[in-house]
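# Analysis of the macromolecular model
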Amino acid sequence: MAANSAGEYIKHHLGNLTYGKLPEGYVRECHGHAETLTETTWTFACNGNEAKDMGFAAFHVDSLVWSGGLGIIMCLLFWLGARKATAGIPSGFLNFVEIIIEFIDTQVRDSFHGKSKLIAPLSLVIFCWVFLMNLMDLVPVDFIPKTFEWVMVSFFGWSAHEAYFKIVPTTDPNITLGMSFSVMFLIIFLTIKTKGVGGFVGTLALHPFESGNPVVKALLIPVNLLLETIALLAKPVSLGLRLFGNMYAGEFVFILLAAMMGTWQFVGAWPWAVFHILVITLQAFIFMVLTIVYLSMAVEEH
Amino acid sequence: MNINATLIGQAIWFALFVFFCMKFVWPPISRALEERKQKIAEGLSAADRAERDLELAQEKATANLKEAKEKAAEIIDQANRRANQIVEEAKDAARTEGERLVAKAHSEIDQEVNQAREQLRKEVAALALSGAEKVLAGEVNQDAHKQMLEQLAAEL
C-alpha cells in the first residue's frame, strides 16, 4: 500500500459518521466541486473538516448506534436472566448472569460504604456495557466498515470516502466523557443528598486547607475553591480519557497493522488481539471501580 | 475527535440503561440470590440439627438397651432368688409338716398306749376282782370294797 493511501486509509478509519448542522452560507466541498448552502442544513458530514465545522451541534451516529445497540442487547440479556431468577437451582444462562451480578456485588460491597440502590446496578451497567463496547475492538477493523460502505455506496448513492464508520464507541471521547461526566453529576448529586447544599459547598470551599481562625479561613476559601474544583473536574476527565486513550491506542494499532499488512493483518493482529482482551476487561473494570470509589468518597463523611 | 452533542446522547443512553437495570434486572436477581443464601443456610442448619438428633437418638437407644439388659438381669436374678425362696419354703413346710405328722403320730401312739393301759388296768382290776371274788366268795361285799379295789386299780 502506498504511503499516501495508507495515510488516507488510517484517517478514514479514525473518522466518525457525523450528522450535524451546517450554517447558511457554508461552502461544502464534497464531490470535488464547491457548493454553497443557501440555508442552515442538518446533514451527514462528507469529510473531517465538515464534521469539525459542525461544532457542538452534531452527533456521531455510528458511536451512538453501536453504544445504544450494545446497551440494549446487554439489558435484554440481563432481563432474560432476571425473568428466570429463582431461589432454586439456577440453570445455564441464569448461572452466568448470577456470576456477573455476584462479582459486581462483591466489588461494590468492598468499596462502597454507603447505602444506595443505585450504585450496584450502575456498576453492573458500566462494567458490562463498557466491556461490550470495548469488545468491538476485536472485530477485524475493516469487516463492518467495509460492509457499511458497500451498502451506502450500492443503495444510497454515497461516495466511498463519505462512508465513515467506527464501530468501537469507546474510541470516541464523546462516549467515554459522556459517561464520566454523568458520573460526575452523580457525585455532585450524592454529595448534596447526603450532606446538603451547604455540605457540598463546604467540601469545595473548606478543604484541603483548614484553619481555626475565621479570618484565615475566609482567606483560604478561594484557594480551596480553586483546588477542589480542579479536583472535582479532574475525576471525570481522567476517568473518561483513560478509557478513551487505552481503546484509541489499541484500535490504532489494529488499524496500523491492517494498513501495513493488508489481508495478512490477521497474522499480525492476532497476538495484539489476545493481549487486547486483557486491556478490554481491565479498562472496563477500572472504569467501574473508580466510579464506585468516587461515589463512595461523595457519601463518606470527612 | 470533535466534542459534540454525542456526549449528551451517550449520557441519555447511560441513564436509560442504568434506570432499566435498577428497575428490572438488579432487584429480582439479588433477591433470588439472597433467598437462595437463606435457603442454603437453613438447609445446612437443618442437616446439623438432624445429625445432632441422630446422635441423641443413638445415645438414647444405647441407654435404653443397657437399661433393658440390666432390668432383664435383675428380673432373672429376682426370679432365681424367688425360686430358691420357694424351694426353701417348701422344704421348711415339708419339714414342719413331717414334724407335725410325727408329733401327731407320737401323740396318737401315746393315746393308744394310754387307752390300752387303761383297758388293761380295767381288765386287770376286773380280773383281780373276779379272782378275789372267787377267793373270798361272797365274804367280800363288792359294794363295801369297791373303793379299795379302785385304789388298787389306779396303782396298777
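Everything numeric here is computed off the predicted structure, so don't read it as measured data.

About the cut-offs
- Residues numbered from 1 in each chain as written.
- Chains lettered and ligands numbered in written order.
- Predicted model: local features only at pLDDT ≥ 70, side-chain atom pairs only at ≥ 80, totals over all residues.
- Heavy atoms only, no water.
- Pairing = 2+ DSSP bridges.
- Helix = DSSP H or I, 4+ residues; strand = E, 2+ residues; numbered from the N terminus.
- Axes fitted to C-alpha atoms, helices over the stretch in contact; angles between N-to-C directions.
- Expected span 1.5 Å × (residues − 1).
- Buried < 20%, exposed > 50% of the residue type's maximum accessible area, 1.4 Å probe, protein only.
- Arc of directions from axis to C-beta.
- Lys, Arg positive; Asp, Glu negative; His and termini not counted.
- Salt bridge = Lys/Arg side-chain N within 4 Å of Asp/Glu carboxyl O.
- Polar contact = N/O pair within 3.5 Å; in protein donor to acceptor, adjacent residues only side chain to side chain.
- Contact = heavy atoms within 4.5 Å.
- Core = buried A, V, L, I, M, F, W, Y, C linked by side-chain atoms within 4.5 Å.
- 1 Å grid on protein atoms, 1.4 Å probe; cavity = no way out; pocket = protein on both sides within 12 Å on 5 of 7 lines; lining within 4 Å.
- Points joined across faces, edges and corners; volume = space filled by probe spheres on them.
- Nonpolar A, V, L, I, M, F, W, Y, C, P; charged D, E, K, R; others polar.
- UniProt positions renumbered as here; feature names shortened; annotations may be inferred.

### Topic: the sheet that holds strand β5 (residues 58–60) of chain A
All names here are of chain A. Read across the sheet, three strands follow the order β4-β1-β5 without closing on themselves; strand pairing throughout is antiparallel. Each edge of the sheet is formed by a strand with only one pairing partner; in this case those strands are β4 (41–44) and β5. Taken pair by pair, the neighbouring strands of this sheet meet at an average axis angle of 15°, ignoring direction. Looking at chain direction, strand β1 (residues 18–22) and β5 are connected through three bridges and run antiparallel. Pairing of G20 across the sheet is with A58, part of β5.

### Details of helix α6 (residues 143–156) of chain A
Residues and elements named next belong to chain A. Spanning 14 residues, α6 covers 19 Å between terminal C-alpha atoms, matching the ideal 20 Å at 1.5 Å per step. Buried residues of α6: I144, P145, F148, E149 and M152, and no others. Axial view of α6: buried residues confined to an arc of 140°, hence all on one face. Facing away from the buried side of α6 by over 90 degrees, the exposed positions are F143, W150 and F155. A positive backbone phi angle near 70° is found at G157, which sits one or two residues after α6.

### Focus on the side chain of K166 of chain A
All names here are of chain A. Within the element layout of this structure, K166 appears in the loop between α6 and α7 (173–205). Here K166 occupies a buried position and makes no salt bridge, while the nearest side chain of opposite charge, D172, is found at 5.8 Å. One polar contact links the side chain of K166 to the main-chain carbonyl oxygen of T171, over a distance of 3.0 Å. Once you skip the residues sitting within four places of it in the chain, K166 turns out to touch H13, L14, G15, N16, D62, S63, W66, T171, D172 and Y248.

### Side note on the nonpolar core
The biggest cluster of nonpolar side chains holds 66 residues, and the ones touching the most others in it are L124, I126 and W129 of chain A together with F14 of chain B. For this core, the elements supplying multiple residues, two or more each, are α3 (61–83), α4 (92–111), α5 (119–135), α6, α7, α8 (214–261) and α9 (265–299) of chain A together with α1 (6–136) of chain B. In this structure L124 of chain A touches F78, I100, I101, I104 and W129 of chain A together with C21, V25 and W26 of chain B, once residues within four positions along its chain are discounted. With 13 residues, the next largest nonpolar core counts L14, Y248, A258 and A269 of chain A among its residues.

### Remarks on the layout of surface pockets
Residues and elements named next belong to chain A. In this model, the largest pocket occupies a volume close to 640 Å³. Looking at the largest pocket, it is lined by 27 residues, and the ones nearest its centre are K11, H12, G15, G48 and Y164. Listing elements by their share of the lining of the largest pocket, those giving two or more residues are α1 (3–14), α2 (48–53) and α6. The dominant element in the lining of the largest pocket, judged by the number of residues it contributes, is α1, at six residues. Partitioning the lining of the largest pocket into residue classes produces 10 nonpolar, 11 polar and six charged. By volume, the second largest pocket is sized at about 440 Å³.

### Details of the UniProt feature "transmembrane region" (unreviewed entry) in chain A
Residue and element names in this part refer to chain A. The positions UniProt marks with the feature "transmembrane region" (unreviewed entry) are residues 64–82, 118–136, 148–165, 177–194, 214–234, 246–267 and 273–295. Segment residues 64–82 splits into 100% helix and 0% strand. End C-alpha atoms: 26 Å apart. Annotated as residues 148–165, this span is 50% helix and 0% strand, and its ends, taken at the C-alpha atoms, are 7 Å apart.

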